[in-house]
Amino acid sequence: DTAVSQTPKYLVTQMGNDKSIKCEQNLGHDTMYWYKQDSKKFLKIMFSYNNKELIINETVPNRFSPKSPDKAHLNLHINSLELGDSAVYFCASNGGNEQYFGPGTRLTVT
Amino acid sequence: EDQVTQSPEALRLQEGESSSLNCSYTVSGLRGLFWYRQDPGKGPEFLFTLYSAGEEKEKERLKATLTKKESFLHITAPKPEDSATYLCAVQGPNFNKFYFGSGTKLNVKP
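Everything numeric in this text was worked out from a predicted model, so none of it was measured.

Caption draft 1: Quick peek at a positive patch on the surface. There is a patch of like positive charges on the surface, built from K9, K41 and R106 of chain A together with K42 and K105 of chain B. If you trace the backbone, K41 of chain A turns up in the loop between β4 (31-37) and β5 (43-50).

Caption draft 2: View of the sheet that holds strand β3 (residues 19-25) of chain A. Residues and elements named next belong to chain A. In space, the four strands of this open sheet follow the order β1-β3-β8-β7, with antiparallel pairing throughout. Each having just a single partner strand, β1 (4-7) and β7 (64-70) make up the two edges of the open sheet. Along the sheet, successive strands turn relative to each other by an average axial angle of 20°, direction set aside.

Caption draft 3: Just the interface of chain A and chain B, in detail. Each side of the interface is counted separately: chain A has 22 residues, and chain B has 20 residues. Of the roughly 1,700 Å² buried between chain A and chain B on both sides combined, carbon and sulfur atoms contribute 54%. With a shortest N-O distance of 2.8 Å, E58 of chain A and K97 of chain B are connected by a salt bridge. Inspection of the chain A/chain B interface yields five residue pairs in polar contact (both at pLDDT 80 or more). Among the elements that make up the side of chain A that touches chain B, the one with the highest residue count is β4 of chain A (four residues). Taken together, the residues of the side of chain A that touches chain B break down into ten nonpolar, seven polar and five charged.

Caption draft 4: A look at the sheet that holds strand β3 (residues 19-25) of chain B. Residues and elements named next belong to chain B. Across the sheet, which stays open at both edges, the five strands sit in the order β1-β3-β8-β7-β6 with antiparallel pairing between neighbours. The open sheet is flanked by β1 (4-7) and β6 (56-59), the only strands paired with a single partner. This sheet shows a mean twist of 15° between the axes of neighbouring strands, independent of strand direction. Both strand β7 (residues 62-66) and strand β8 (residues 70-75) contribute to a ladder of five bridges, which runs antiparallel. Of the residues in β8, the one forming a bridge with L62 is I75.

Caption draft 5: Structural view of the nonpolar core. Ranked by internal contacts, the top residues of the largest apolar core, which has 23 residues, are L33, W35, L73 and Y86 of chain B. Looking at this core, the elements that each hand over two or more residues are β2 (10-14), β3, β4 (32-38), β5 (45-50), β7, β8, β9 (84-91) and β11 (104-109) of chain B. When residues in this core are grouped by element, the largest group, four residues, is from β9 of chain B. The contact partners of L73 of chain B, leaving out residues within four places of it in the chain, are S19, S20, L21, W35, F48, L62, K63, A64 and Y86 of chain B. Judged by nonpolar contacts, the second largest core, of 20 residues, contains C23, M46, I78 and V109 of chain A.

Procedures and definitions
- Residues numbered from 1 in each chain as written.
- Chains lettered and ligands numbered in written order.
- Predicted model: local features only at pLDDT ≥ 70, side-chain atom pairs only at ≥ 80, totals over all residues.
- Heavy atoms only, no water.
- Patch = residues over 30% accessible without salt bridge, like charges linked within 9 Å, V, L, I, M, F, W, Y side chains within 5 Å.
- Areas by Shrake-Rupley, 256 points an atom, 1.4 Å probe, with all protein chains shown as cover.
- Salt bridge = Lys/Arg side-chain N within 4 Å of Asp/Glu carboxyl O.
- Lys, Arg positive; Asp, Glu negative; His and termini not counted.
- Charge placed at Lys NZ, Arg CZ, Asp CG, Glu CD.
- Helix = DSSP H or I, 4+ residues; strand = E, 2+ residues; numbered from the N terminus.
- Pairing = 2+ DSSP bridges.
- Axes fitted to C-alpha atoms, helices over the stretch in contact; angles between N-to-C directions.
- Contact = heavy atoms within 4.5 Å.
- Buried area = accessible area lost by both parts, 1.4 Å probe.
- Polar contact = N/O pair within 3.5 Å; in protein donor to acceptor, adjacent residues only side chain to side chain.
- Nonpolar A, V, L, I, M, F, W, Y, C, P; charged D, E, K, R; others polar.
- Core = buried A, V, L, I, M, F, W, Y, C linked by side-chain atoms within 4.5 Å.
- Buried < 20%, exposed > 50% of the residue type's maximum accessible area, 1.4 Å probe, protein only.

This is the structure:
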């Protein structure tokens, strides 16, 4: 069973569109994250939720809106996509100090 | 500003040729330092957590060490299957926030 799963794995879309990425974890963890990994491999934290409540909101354009319907799910909705949004987006969960990452969603904006 | 720097960016080794990867950090109030392995097209996979200077952890051919300013990931007699990008992350005073380096891409040739 996959501990942290994300869908879709690949997302190709045009500028200006709105898209969503879904994440689910079956580890029973309270805290979940969204990270963005750029072409230089830097993983940068975007958001963190603890038991459905937003606890970290980095300097991210408000076109990005996370939603956590329950502590096992954290979705990311992106409005008005821009070329610079192209990256790999990772979801992660954290039950203690160790983070468990999903397989990533490669977003390409054309 | 809190920062994590990894070196070298890329490392090519012959099978059996031992070496070390470096992670230096400037985070104040370090709670933990983490090493991850990332294979192409996959999410980072947790390897080690180190909490205090002088601590060491080992797993197969990998050994992680920690000082007050940096961590080393020593790879002894590497095999081609050790080829991956190795990421370092630190956890600062904010328990839920992790800062990642840009990784070292290791290529082990048979």
